[in-house]
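This is what each chain is made of:
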Amino acid sequence: MKAPSFIGRLFARTKGQVHEDPSPSELAALVDQLRQAEAQAQCSREEAAQALRLRSGFFSGASHDLRQRLHAIKLMAFTTLADVSPGDRSFVPLRRLANEIEALEKYAMDILGFARAEAGGLVIRPSRVQLHSIFHNADVNFDRSVTERHLALNFRHTTLAINTDAGLLQRIVENLVSNALKYTKQRVLVAARKSRDEVVIEVWDEGPGIAAIDQERIFRPFAQLDNNDHDPKRGAGLGLALVDAFCKALGYRISLKSCVGKGTVFRVHIPASAAV
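Residues numbered from 1 in each chain as written. Predicted model: local features only at pLDDT ≥ 70, side-chain atom pairs only at ≥ 80, totals over all residues. Heavy atoms only, no water.

Asker: Break down the nonpolar core for me, with residues and values.
Answerer: Membership of the largest hydrophobic core comes to 45 residues, with the highest contact counts inside it found for Leu153, Leu176, Ile201 and Val268. Contributions of two or more residues to this core are made by helix 4 (131–148), strand 2 (152–155), helix 5 (166–183), strand 4 (187–194), strand 5 (198–205), helix 6 (239–250), strand 6 (253–259) and strand 7 (263–271). Apart from residues lying up to four places away in sequence, Leu153 is in contact with Asp139, Phe142, Val146, Val177, Leu181, Val188 and Val190. Judged by nonpolar contacts, the second largest core, of 8 residues, contains Phe78, Val84, Ala98 and Ile101. (Core = buried A, V, L, I, M, F, W, Y, C linked by side-chain atoms within 4.5 Å. Buried < 20%, exposed > 50% of the residue type's maximum accessible area, 1.4 Å probe, protein only. Helix = DSSP H or I, 4+ residues; strand = E, 2+ residues; numbered from the N terminus. Contact = heavy atoms within 4.5 Å.)

Asker: Outline the sheet that holds strand 2, supporting the account with residue identities and numerical values.
Answerer: The 5 strands lie next to each other as 2-4-5-7-6, forming an open sheet whose pairing is mixed. Both edges of this open sheet fall to strand 2 and strand 6, since each of them pairs with a single strand only. Sheet twist, expressed as the average angle between the axes of neighbouring strands with direction ignored, equals 15°. Judged from the 7 bridges that link them, strand 6 and strand 7 form a sheet pairing that is antiparallel. Bridged to Arg253 within strand 7 is His269. In the packing of helix 4 onto the sheet, the strands contacted are strand 2, strand 4 and strand 5, and the crossing angle to strand 2 comes to about 170°. (Pairing = 2+ DSSP bridges. Axes fitted to C-alpha atoms, helices over the stretch in contact; angles between N-to-C directions.)

Asker: Report on the pairing of strand 3 (residues 161–165), specifying residues and quantitative values.
Answerer: In terms of residue burial, strand 3 counts as a mostly covered element, since 4 of its 5 residues are buried. For strand 1 (residues 126–130) and strand 3, the ladder comprises 5 bridges, and the chain directions are antiparallel. What sits directly across from Gln130, in strand 3, is Ala161.

Asker: Just give me the short version of the packing of aromatic side chains, but keep the residues and values in it.
Answerer: One pass over the full model with this rule turns up 2 aromatic pairs. Taking 5.6 Å as the distance between ring centres and 40° as the angle between the ring planes, the aromatic pair formed by Phe135 and Phe155 counts as tilted. Of this pair, Phe135 sits in helix 4 while Phe155 is found in strand 2, placing the two residues 20 residues apart along the sequence. Each member of the pair, Phe135 together with Phe155, is buried. (Phe/Tyr/Trp six-rings, centres within 6.5 Å; stacked < 30°, edge-to-face > 60°.)

Given below as structure tokens:
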């Protein structure tokens, strides 16, 4: 009869059976197997890390190049539009073209940003950031859209500063503002406050509100509550998914409170330890 293996004898001991102790050669063989398994695991970890670096580099480079090209095309379109009189026959098609390019820019950046986040390619570059500067940049970026749609976008002045990645926080705020402007009836308010435990950035809107059953789903990739036809003009449905991904990368928490028929407030909860 074949002698039980070392592992088999260990298992047998748990059943109350008694067998001889493992021989030195068996112990040596087991140690060698463990070393081989550890070497293979280390090799797999290095391969995964290399693949992650390659994907991160690709998405970073692709995002940068595409952003530059789309921004240049958008600038040419809006510059041309500024030189055309509103009464000119070419004004309306030029304005539509400029708006389509702007929508394409946001669509592409959301797709690349989400792919980069999913690939684990987000690199956090912390620095001292004044929240007022984040608000100011968002105010400038949405000025034309707000004016054209006759909406009111207000940023409450703040002197708060935190240690964070300025680029990711800017995307978080602008995605929340973009979402609020998409649904609000008239006004959007952005504010920040500090308590003993946290710094909170709030984005309020006067939209239709979000039913409780949908409040978790809206943070899922490609979720759009009112775009069943998947109209690309309404975006990729990644704005809030990116907010969620960026918040997690920074160690923040995102929450919302909504009243159907009255509006919604999104809150970004930042640990007080980040305040400077």
